[in-house]
Amino acid sequence: MSSNENQFSIISLLQERVFTLTLTIILVCIGASIIYPDVFPTFNNFSQILLNLSIDTIVAIGMMILLISGAFDLSVGSVVALSGGITAWIMYSYEIPMVMAMLAGLAVAGLVGWINGIFIARVGINPMIQTLAMMGIIRGFALMISGPSIQNLPENFNTLGQTRIIGVQSPVWIMLVLVAIFSVLVSRTIFFRRYYYIGGNEKAALLSGIRVGRMKIWAFTLTALLAGFAGIVLASRMGAALGTTGRGMELRVITAVILGGASLLGGQGKIIGALLGALFMGLISNIMIIARVSGYWQEIVLGLILILAVSLDIWIKKKTTGIKPKQYLNKALQSS
């Protein structure tokens, strides 16, 4: 086999990100099990890993859909804090029934996403600028509403996030159900398939009759709704709402989604890839905790993984489409 054929095979393999990431996760698990045989390969440890990544994965589902369409949202971490805070504040201060409070939290989250979508699709503001500004605004509201924290939430609300089924806490089951539902929706329905066309070539999608602006508004609204739901589940799991919840989540989620096969240029990615990306990040974080690596180093490693994932995507795009790194970055900044 010639060197060109070998290179093509490697690129083809890397493009099948679900396969390569699954293989990487298996190898990481085997290596960690050998190094830490008494701590890592236990049911309690794996259960804790899944619980820790469940909230990020719910948010990553929406982020994957956005990145398929060629955009991303930096305000999701703040929306997580705001929706949980509003739900807890309404129940704690006004003793409104749990379901009504949750609907109010989701409504506010959806409104934030709709506003983002309107300003991006109708006014023409760059998504990165719009969601970065919204991140700060929403974080301020979340801190005002929740203060240091809102505790002593109703027992039936805490049950939502603290119930165990077969020894695994409910947020993990909620995550798996949402991944299954959106995997089917994104791969089998015309509505969600349109995001691949928009991400692949927005002008062509517009000329083919797809209402690109309206689809973008829906994508940002859906992403915020999922982030809002994740915030409510997190508040229920913790039995409290904190205004600082979700800080740095946007970086973790975007890293997981790109690792899982999405591209900053749009047009590619699968929902299962978001789960695998989050699982890989969760495993690395868990191993560093077991190894007693400083929290500062964990942040550094997270940033390095993001750089590595984007660099890999740039290299694959250069080999498959001929797009040079400078063109890639310019195009990514224009679309995002």
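Let me sum up the structure you'll find in this document. (Residues numbered from 1 in each chain as written. Predicted model: local features only at pLDDT ≥ 70, side-chain atom pairs only at ≥ 80, totals over all residues. Heavy atoms only, no water.)

Bringing the overall build of the protein into the picture now. Each helix and strand counted, the protein has 15 helices and two strands in total. Here the C-alpha atoms of the protein give a radius of gyration of 20 Å, agreeing with the 20 Å that 2.2 N^0.38 yields for 336 residues. Projected onto its principal axes, the C-alpha coordinates of the protein cover approximately 70 × 55 × 35 Å. Buried positions account for 49% of the 336 residues belonging to the protein. (Helix = DSSP H or I, 4+ residues; strand = E, 2+ residues; numbered from the N terminus. Rg over C-alpha atoms; globule rule 2.2 N^0.38 Å. Buried < 20%, exposed > 50% of the residue type's maximum accessible area, 1.4 Å probe, protein only.)

With 97 residues, the main nonpolar core has Phe182 and Val257 as its most contacted residues. Looking at this core, the element that brings in the most residues is helix H3 (residues 43-68), giving 14 residues. If we skip the residues at most four places from it in the chain, Phe182 touches Ile61, Ile65, Phe192, Leu222, Leu226 and Ile271. (Core = buried A, V, L, I, M, F, W, Y, C linked by side-chain atoms within 4.5 Å. Contact = heavy atoms within 4.5 Å.)

Bringing unusual backbone geometry into the picture now. One non-glycine residue, Ile166, lies in the positive phi region at around 55 degrees. With respect to the secondary-structure elements, Ile166 resides in the loop between strand S1 (164-165) and strand S2 (168-169). Given a relative accessible area of 70%, Ile166 falls into the exposed group. If you check the backbone angles, Arg292 has positive phi at about 60 degrees while not being a glycine.

Applying the stated criterion to the full structure yields six aromatic pairs. Between Trp89 and Tyr94, the aromatic rings sit 5.5 Å apart at their centres with planes inclined by 85 degrees, giving edge-to-face as the arrangement. According to the relative accessible area criterion, Trp89 is partly exposed, its value standing at 33%. Assessed through its relative accessible area of 52%, Tyr94 is described here as exposed. Taking 6.3 Å as the distance between ring centres and 45 degrees as the angle between the ring planes, the aromatic pair formed by Phe192 and Tyr195 counts as tilted. One end of the pair is Phe192 and the other is Tyr195, both in helix H9 (residues 190-200) and three residues apart, which spans about a single turn. An identical accessibility class is assigned to Phe192 and Tyr195; each is buried. A connected cluster of aromatic rings, assembled from ring pairs, spans Phe182, Phe191, Phe192 and Tyr195. (Phe/Tyr/Trp six-rings, centres within 6.5 Å; stacked < 30°, edge-to-face > 60°.)

Let's shift gears to helix H13 (residues 271-290). Under the 1.5 Å per step criterion, the end-to-end length of H13 is 29 Å for 20 residues, consistent within 8% with the ideal 28 Å. Buried residues dominate H13, accounting for 16 of its 20 residues. Two residues or fewer after H13 comes Arg292, characterised by a positive phi angle close to 60 degrees. (Expected span 1.5 Å × (residues − 1).)

Another point: the pattern of salt bridges. This structure, assessed with the given rule, holds two salt bridges. The partner of Arg252 in a salt bridge is Asp56, and the shortest N-O contact between them spans 2.7 Å. Pair noted here: Arg252 is in helix H12 (residues 249-259) and Asp56 is in helix H3, with a separation of 196 residues, a long-range link. Between Glu202 and Lys216 there is a salt bridge, with its nearest N and O atoms 3.1 Å apart. (Salt bridge = Lys/Arg side-chain N within 4 Å of Asp/Glu carboxyl O.)

On to a nonpolar patch on the surface. Among the surface-exposed residues, Phe19, Leu23, Ile26, Leu27, Ile30, Ile34 and Ile35 lie close enough to one another that they form a single nonpolar patch of about 730 Å² accessible area. Turning to its location among the elements, Ile35 is positioned in helix H2 (residues 17-35). (Patch = residues over 30% accessible without salt bridge, like charges linked within 9 Å, V, L, I, M, F, W, Y side chains within 5 Å. Areas by Shrake-Rupley, 256 points an atom, 1.4 Å probe, with all protein chains shown as cover.)

Attention now goes to helix H4 (residues 76-94). Between the first and last C-alpha of H4 there are 27 Å, a value that for 19 residues agrees with the 27 Å anticipated at 1.5 Å per step. When you tally the buried positions in H4, you get 15 out of 19 residues, the bulk of the element. Of the residues one or two after H4, Glu95 is the one with positive phi, at around 55 degrees.

Turning to the side chain of Thr87, a few remarks are in order. Along the chain, the position of Thr87 falls in helix H4. Under the relative-accessibility criterion, Thr87 is labelled buried at 0%. At 2.8 Å, the side chain of Thr87 forms a polar contact with the backbone oxygen of Ser83. (Polar contact = N/O pair within 3.5 Å; in protein donor to acceptor, adjacent residues only side chain to side chain.)

Once that is clear, we can look at the packing of H3 against helix H11 (residues 212-238). H11 packs onto H3 with a crossing angle of 170 degrees between their chain directions and a minimal axis gap of 8 Å. As the angle between them shows, H3 and H11 are arranged roughly antiparallel. Residues Leu51, Asn52, Ile55, Ile58, Val59, Ile61, Gly62, Met63, Ile65 and Leu66 of H3 form the contact with H11, whose participating residues are Ala219, Phe220, Leu222, Thr223, Leu226, Ala227, Phe229, Ala230, Val233, Leu234 and Arg237. Its residues assigned to classes, the contact of H3 with H11 comprises 17 nonpolar, three polar and one charged. (Axes fitted to C-alpha atoms, helices over the stretch in contact; angles between N-to-C directions. Parallel < 35°, antiparallel > 145°, perpendicular 65-115°, else oblique. Nonpolar A, V, L, I, M, F, W, Y, C, P; charged D, E, K, R; others polar.)

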